[in-house]
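Coordinate analysis (summary)
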Amino acid sequence: MSWTKTLSTGLLAGFVAAIAMTAMMLLLACFGVATPLIIIGDRLSAFIPPGPFLSLMGKVGGYNHLKQIGVGSTIAGQLVVGAIGGAIFGFCMRRDPRKPATLATIAVFVVLPIIAVAIALWPVLGTSYRGLPIDVARLATLVGFALSVFVFERTLTAGFRFLTRPKTKSEDREFTPAIGRRAFLLSAIGVAVAGGGVALARKLYRAATFSYDGTQYKGRIVQPITPNDLFYCVTKNVVDPRVNVDLWHLEVTGLVRNRAIWRFEDLLGFPAREQQTTLMCISNGLDAGLISNAVWKGIPLHDLLDQAVPLSSAARVRLHGVDNYTDTIPLEKAMEPTTLLSYEMNGVLLPHRHGYPLRVVVPGYFGEKHVKWLTRIELADTSAKGFYEAQGWGPDFIVPTRSRIDVPDHESRFSIHELREPIEVKGIAYGGDRGISRVELSFDDGKTWNDAAIYYAGGDLAWSLWKTDWMPEQPGDYTLVVRATDGEGDVQEWEEDRSPFSGVTGFHKIVGHVTA
Ligand SMILES: Nc1nc2c(c(=O)[nH]1)N[C@H]1C(S)=C(S)[C@@H](COP(=O)(O)O)O[C@H]1N2
Ligand SMILES: [Mo]
């Protein structure tokens, strides 16, 4: 058999086998098993520093597009690699296409990839979108991957044999005209399987985070407490976990005297605490709405740490989500009574997208430290880093004082003659875990300041809402600026030497056009 023919036969069989393998992975994904389609992206993102990460995100048009491109190119890459693998297989089979090669192909197409994936993706294998404990999840991911490459190997060898099988004894040595028909048939099977894969992909797409990742809460609708379905949302995931609480547990491990495993019911047995706490994403722009406020119920993290007894070498607490997200907080912060393991948000169990069944609430730290779908608490030394920290975000994760004008809209127009009453100006002010003591408004771009009324004081850990009246006396373009003072008396400022990866500081300004 000519080598070009075996090569192209192998190419086709490999391509169809890669389609079957991809469909298998999508099926596993529907059951919450982590597959390379997703976790390769998680693995690679650890190597992208925040600067290039942000510019990449800008280029492709946002985090959602970046995620879609990530998964899309992984699938495309997988199909290409599969086809090339098939071609190489075909080339090796050129002398005797029907030579039984099971052991060798299993070694090359099953065992080798499993070893490669186990090594290359080890840090992200312990991912489970159903909430399996990390060590079990790692095994489940590997078994799922083994199944997928086994599907590849079986389809490749069966497809290749099907294409090269002689029609009759006399045609033993050469391709027959039937090869065209068989190639057509195999391609048709490939298309059918691809159709199944697309159906699964659509199902996953509907469940994916694209529709809500990055939702903001700002403007006229802002109330003291953000309703759960309007609470801003940020996730690194393409499809968020939906934890089955019976599979889930919480581990306390690392540099502790007593390791422990807690079930959800155990946690409900501890004395609970309820507190209002505002969360804000590190990437929240001065005018943006990646900030919301809720009443969280849970247990102080220190209750579990006290029982675990941290060793003297423990300095940081690394928090792991079932989605393989991690972040760290200093041990002292973890021991504060307001650092919570929270299971209720505004009076109901945590919604899935906000971390059901358990998330961390770390008042005064950026949103990313509030790890959702928590499954492991690991006491670590000073060098421990989390998902975004490893990318190079930080070094500062304590929120600076911020404020925002929600009403009126930027670029609003008013006519003095038509104004019957003053224009209402209102918004939020947030001082991390330091509270808010004062809010001031300027109508002349910061030259003079007037006190605004705080009509809702959220306490030390939450935002406060403010309002004031504005009665412009002359036509013109006005620049409105807001600034807040935190509970420690420090006035909001633009920190010139703050790293851009520690969150922006500065003032929110809007322009109001006033005509006669
Ligand atoms: N497990 C896990 N926790 C996570 C994240 C994540 O992707 N996975 N994202 C973090 C980021 S960047 C932010 S800003 C907050 C957002 O919380 P929310 O979606 O409940 O508002 O969750 C944090 N916790
Ligand atoms: Mo975030």
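Residues numbered from 1 in each chain as written. Chains lettered and ligands numbered in written order. Predicted model: local features only at pLDDT ≥ 70, side-chain atom pairs only at ≥ 80, totals over all residues. Heavy atoms only, no water.

1. Focus: the overall build of the protein
We count it as follows: Each helix corresponds to a stretch of at least 4 residues labelled H or I by DSSP, and each strand to a stretch of at least 2 residues labelled E; elements are numbered beginning at the N terminus. Exposure is judged per residue with a 1.4 Å probe applied to protein chains only, and the accessible area is read against the type maximum: over 50% gives exposed, under 20% gives buried, and values in between give partly exposed. Throughout, a residue-residue contact means that at least one pair of heavy atoms, one from each residue, lies within 4.5 Å. Here the accessible surface of atoms and residues is derived via Shrake-Rupley with a 1.4 Å probe, and residues count as covered only by protein chains that are part of the display. Charge counting treats Lys and Arg as positive and Asp and Glu as negative, with His and both chain ends excluded. Charged side chains are reduced to one point each, which is NZ for Lys, CZ for Arg, CG for Asp and CD for Glu.
Looking only at helices and strands, one finds 11 helices and 19 strands in the protein. Projecting the C-alpha coordinates of the protein onto the three principal axes gives extents of approximately 100 × 65 × 40 Å. Here the protein holds 516 residues, and the buried ones make up 52% of them. The contacts in the protein between residues at least 6 apart in sequence include a share of 75% that link residues at least 24 apart. Surface accessibility of the protein: about 22,800 Å² in total, with carbon and sulfur atoms responsible for 61%. Taking the average location of the 51 positive side-chain charges in the protein and that of its 50 negative ones, the two points are 16 Å from each other.

2. What to know about the sheet that holds strand β10 (residues 374-380)
Defined as follows: The rule for pairing is simple: two strands pair if DSSP sees at least two bridges between them. Axes here mean lines fitted to C-alpha atoms, for a helix over just the part in contact, with angles spanning 0 to 180 degrees between N-to-C directions.
Spatial strand order, β2-β1-β10-β5-β6: 5 strands in an open sheet with mixed pairing. Edge strands, defined here as strands with exactly one partner in the open sheet, are β2 (260-262) and β6 (326-330). For this sheet the average axis-to-axis angle between neighbouring strands, irrespective of direction, equals 20°. In this structure, strand β1 (residues 250-254) lies alongside β10, joined through 4 bridges in parallel fashion. By the bridge assignment for β10, Gly254 is matched with Leu379. Relative to β10, helix α9 (residues 301-308) is tilted by about 55°, and along the sheet it contacts β1, β2, β5 (316-321), β6 and β10.

3. Quick word on a nonpolar patch on the surface
Counted only if it meets this: Patches here are clusters of residues that have more than 30% relative accessible area and form no salt bridge, with a 9 Å joining cutoff for like charges and a 5 Å cutoff for nonpolar side chains (Val, Leu, Ile, Met, Phe, Trp, Tyr). The salt bridge definition used is simple: a Lys or Arg side-chain nitrogen within 4 Å of an Asp or Glu carboxyl oxygen.
Residues Val80, Ile84 and Ile88 make up a contiguous nonpolar surface patch of roughly 280 Å² in combined accessible area. You can see Ile84 is positioned in helix α4 (residues 63-92). Judged by relative accessible area, which is 46%, Ile84 ranks as partly exposed.

4. Focus: the packing of helix α3 (residues 50-60) against α4
Spelled out, the test is: Throughout this description, any angle smaller than 35 degrees is read as roughly parallel, any larger than 145 degrees as roughly antiparallel, any in the 65 to 115 degree range as roughly perpendicular, and the remainder as oblique. All residues other than Ala, Val, Leu, Ile, Met, Phe, Trp, Tyr, Cys, Pro, Asp, Glu, Lys and Arg, Gly among them, are scored as polar; the first ten of these are nonpolar and the last four charged.
Contact pair α3 / α4: the axes reach a minimum separation of 8 Å and the direction vectors enclose 90°. The angle between α3 and α4 falls in the class roughly perpendicular. Seen from α3, the contacting residues are Phe53, Leu56, Met57 and Val60; seen from α4, they are Tyr63, His65, Leu66 and Ile69. Of the residues contributing to the contact of α3 with α4, the split by class is 7 nonpolar, 1 polar and no charged.

5. A closer look at the pairing of strand β11 (residues 402-407)
Judged by how many residues are buried, β11 sits mostly within the fold: 6 of 6 residues are covered. Where β11 lies against strand β13 (residues 423-430), 5 bridges are found, and the strand directions are antiparallel. Residue pairing across strands places Ser403 opposite Ala429, the latter belonging to β13.

6. A look at the layout of surface pockets
Note the threshold: The distinction between a cavity and a pocket rests on a 1 Å grid over the protein atoms alone: a 1.4 Å probe fits inside a cavity but cannot get out, while a pocket stays open yet meets protein on both sides within 12 Å along at least five of seven lines, and a residue with an atom within 4 Å of a point counts as lining. Grid points are joined across faces, edges and corners, and a volume is the space filled by probe spheres set on the points.
The calculated volume of the largest pocket comes to roughly 890 Å³. Surrounding the largest pocket, 42 residues form its lining, Pro36, Leu37, Ile40, Gly41 and Thr74 being those nearest its centre. For the lining of the largest pocket, the secondary structure elements donating two or more residues are α1 (3-30), α2 (36-45), α3, α4, α5 (102-120) and α6 (134-164). At 14 residues, the largest contribution of residues to the lining of the largest pocket is made by α4.

7. So, the domain arrangement of the protein
Rules: Residue ranges assigned to the domains are those given by an automatic or database domain assignment.
Along its sequence, the protein is carved into domain 1 (3-207), domain 2 (221-391) and domain 3 (402-515). The straight-line distance from the C-alpha centre of domain 1 to that of domain 3 is 54 Å.

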